[in-house]
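Architecture at a glance
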Amino acid sequence: MANSNIQSSYSTGVLSLIPLFYVAWADSILSPSEIKLIHERIAKLSYLSKSDKALLQKWSDPKNPPSNATYKEWVQLMKSAAHQLGSDKRQTFIDLGLEMAKQAANEDEQAWITNPDTKAALSSIQEALGVVSIENHRAIFTPAQRQLEEEFVYGKPSFDVTCMTALLDGDYAEMRQKMRILLSDPVFEYQTLRDKEMYRQLVLDWCRLLAKQGLGAIANPVAYGGQNDMAAYTTAFEMMGYHDLSLAIKFGVQFGLFGGSVLFLGTELHHKKYLEKTGSLELAGCFAMTETGHGSNVRELQTTATYDVNTQEFIINTPTEADGKEYIGNALHSQMASVFAQLIVNGENHGVHAILVPLRDEKHQLLPGVRVEDNGYKLGLNGVDNGRIWFDKVRVPRENLLNRYGNVSPEGEYSSPIENGGKRFFTMLGTLVGGRVSVPRAGLSAAKSGLAIAIKYALKRRQFAPSNDEPETLLLDYPTHQKRLMPLLAKSYAIHFALEYLTKRYVKRSEADIREIETLAAGLKSYATWFTTTALQECREACGGKGYLAENRFADLKADTDIFTTFEGDNTVLLQLVAKGLLSDFKKEFHDEGYRAVLRYLANQVSDTMAEYNPFFTRNADTAHLLDMNFHLDAFRFRERQMLYFVSNEIRSLIKKGVSTYDAFLRVQPQILELALAYIERIVLEQFSDQVLGTEDPECKAMLEKLFQLFALYSIEQHKGWYLENDYMNGTKTKAISRLVTKLCQDVRMDALFLVDAFAIPESLLAAKIVV
């Protein structure tokens, strides 16, 4: 007897598959990979008749997709069957399809429906299509079933996840969503390629596909095929951090560094000739700055570009083997290089300039005088073709000089709009600071992926039970596990908003604030990329042996992002630049404002001293006080200010004793790094506080406030030795802070899943087998 709950003209076999076809067509696109898979799996289903298979093949034809009426009919059939499903356990689309078949089946058909092999066959189709939950199709199921799906293990979210995603996506939500869709296409599917040549070719092919989407030229002026939108470029780069980091770096080298040098250091001549070609990848190029003997010290590069007035050419030369360009990304695929060299005209050195030097001919053969060697296999990023480059008196036309900041006339006269050589050098480098804006964003994406994997796994993996007749405990219910992961989760949110702030400042930069932005970029790049390294290591350990398996992504995430701490500037060197900037500003403040600056300095000292030795303040362990945003901001600002005063006084004292400025700086180098980190951490906290205060949705605001409190108090706890030494807090207060951090970790744990879900990382990009 057929069950009358389902009234349909479809056979029971077809009904069992309707939910999966619904999912396959949910985004209005059925890819070639999905079509092939559907045909192969359906052919193996013995309970389907020939007419069933013909109908299902018709439904999988991309040229003739199901009509809106058919699609609506599917939805109604699924909703009807879903109400018959129990609300006492989690449901999947497999369960729904089988329930639909069961309700329409006669007694003879019940056997194949209840056969475990049937569910296994349907599950293989579901798994191959990447459908693992009802997350994106909740409307089909009853409210009780949807609630159970969320509350089973995970608890209920205290905020709207969609709203939080919108806050994180910000002004460029459309670009982020575009990248999620693009990178989820089967053509971008991860491949385990341990042969670097195959891997490099795959990454090059991916770059070309993205260039065809217009992403390579997006920062270029409209006249040259772009959208003049640097923020959109950095957003696209950030989203690639959720995918293969080799793709992100290859993309950045071609379009950000090589293309960016033409855009920002070149003039209209170069823009007209090269920008469209660089943006489309018709002209593959590389950024040849670093040398084996000179990495961070760009000013002392040894490669020379000597002008020959007789031929109106520059002669590019590498003086010694150690002066070769090193670690140059895209070196094996490039046709041209943007080479940074000492510009010599009429025997006078005008400092480092960039010049375009062809490397290969149309057949991809190296040109005379050019030598390129493969750097070989690396710790990570083996999809990027890094190499070394030497030049043996290679001649290039005078017009190849990227002459925005320095030009040479045909007669051999050098001219520049910036007369001071030092200022010209730093102005030139300042235009290329975009790399330090972009790299930490991709690194943070990798850290977010690691956090999502570790937290999702910790909500599945159980270990040890209170007693033999009780279930084992979830990893994330252990306080130690919470203390390992929840502060990192809070910090990822904090850094996200700080990097958004940096990007906005960079895009709107002017001559008046470019030096401040350079300092900010150097500091945040260091702070964020060190966080990525730390977070991924902790997340890997939190997943135990599973985290060590390549299939769970930590191997590549860790290896590929490790270099982020030393390229685009070594982090330790960058923090010294940050500190020098702070000290210069501090000195300038006193020089420009005289007695007013002195009075302000003394007032701050008096205010800090009153706070330091105020017994109520130093001992105040009241929860309301410790959770107060003003307390957090004051504590971070106090630490930065005191460190600035201390380092300034130490350097001044040493110089008064006859120590050179250089040596004085070296003697306080460890304290200088701490000062730079204190400055950046204060910036991060302030930007996080601005986001909390500016959030309108009350539930999201409350969640962000909790993350803010955890980030702030955990940081204070990490620095409690300094606060105790400087009498800003006593032991009673720091102990209370530690207890509160533990409590906040417990609170955030309840929303941990939803906080990483708010990152909106597609499952095809997360792609860790332990969480799918």
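The paragraphs below set out a description of the structure included in this document. (Residues numbered from 1 in each chain as written. Predicted model: local features only at pLDDT ≥ 70, side-chain atom pairs only at ≥ 80, totals over all residues. Heavy atoms only, no water.)

**Things to note about the overall build of the protein**
We apply this condition: We count a stretch as a helix when DSSP gives it H or I for four or more residues in a row; a strand needs E for two or more, and each element gets its number in order from the N terminus. In this scheme, a residue with accessible area under 20% of its type's maximum is buried, one over 50% is exposed, and one in between is partly exposed, where area comes from a 1.4 Å probe on protein chains only. Residues are treated as being in contact if the distance between any of their heavy atoms lies within 4.5 Å. Residue exposure ignores everything except the shown protein chains as possible cover, and the areas themselves are Shrake-Rupley values with a 1.4 Å probe.
Scanning the protein for helices and strands turns up 32 helices and 11 strands. A burial count over the protein gives 54% of its 772 residues as buried. Taking all contacts inside the protein whose residues are at least 6 apart in sequence as the whole, residues at least 24 apart take part in 75%. Looking at the protein as shown, the accessible area adds up to about 34,600 Å², and 51% of this sits on carbon and sulfur atoms.

**Regarding the nonpolar core**
Applicable threshold: Buried Ala, Val, Leu, Ile, Met, Phe, Trp, Tyr and Cys residues form a nonpolar core when they are joined through side-chain atoms within 4.5 Å.
Core analysis: the biggest nonpolar cluster contains 181 residues, and M164, F340, M486, L489, Y493 and F688 have the highest contact counts within it. Other than its neighbours up to four places away in sequence, M486 contacts I455, L476, L710, C745, V748, R749 and A752. Grouped together as the second largest cluster of nonpolar side chains are 35 residues, W74, F93, M100 and A105 included.

**Things to note about the environment of M230**
With respect to the helices and strands, M230 occurs in helix α12 (residues 230-240). When its relative accessible area of 15% is taken as the criterion, M230 is described as buried. M230 sits 277 residues away from V507 along the chain, and the two C-alpha atoms are 6.5 Å apart. The contact partners of M230, leaving out residues within four places of it in the chain, are A219, F264, Y506 and V507.

**A closer look at the side chain of E99**
Filter applied, for reference: Here Asp and Glu are counted as negative and Lys and Arg as positive; His is not counted, and neither are the chain ends. Salt bridge, as used here, is a side-chain nitrogen of Lys or Arg placed within 4 Å of a carboxyl oxygen of Asp or Glu. By the criterion applied in these results, polar contacts are pairs of N or O atoms within 3.5 Å in which, for protein atoms, one can donate a hydrogen and the other can accept it, and in which residues neighboring in sequence qualify only through two side-chain atoms.
Within the secondary structure, E99 is located in helix α5 (residues 93-104). There is no salt bridge for the buried E99, and the closest opposite charge comes from K102, which lies 4.7 Å off by N-O distance. In this structure the side chain of E99 is engaged in a polar contact, spanning 2.8 Å, whose partner is the side chain of Q103.

**Section: the pairing of strand β8 (residues 387-391)**
The condition is simple: By this definition, two strands are paired if DSSP reports at least two bridges between them.
Within β8, 5 of the 5 residues are buried, which leaves it mostly tucked inside the rest of the structure. The side-chain alternation of β8 yields two buried faces, one formed by G387, I389 and F391 and the other by R388 and W390. Two strands pair when backbone bridges link them, and strand β4 (residues 325-328) and β8 are joined in this way by 2 bridges, in the antiparallel orientation. Bridging across to β8, K325 finds its partner in I389.

**A look at the environment of L402**
Residue placement: L402 occurs in the loop between β9 (394-397) and β10 (407-408). For the pair L402 and L356, spaced 46 residues apart in the sequence, the C-alpha separation amounts to 7.2 Å. For L402, the contacting residues outside a window of four places in its chain are S261, V262, L265, G266, H270, S338, A354, I355 and L356.

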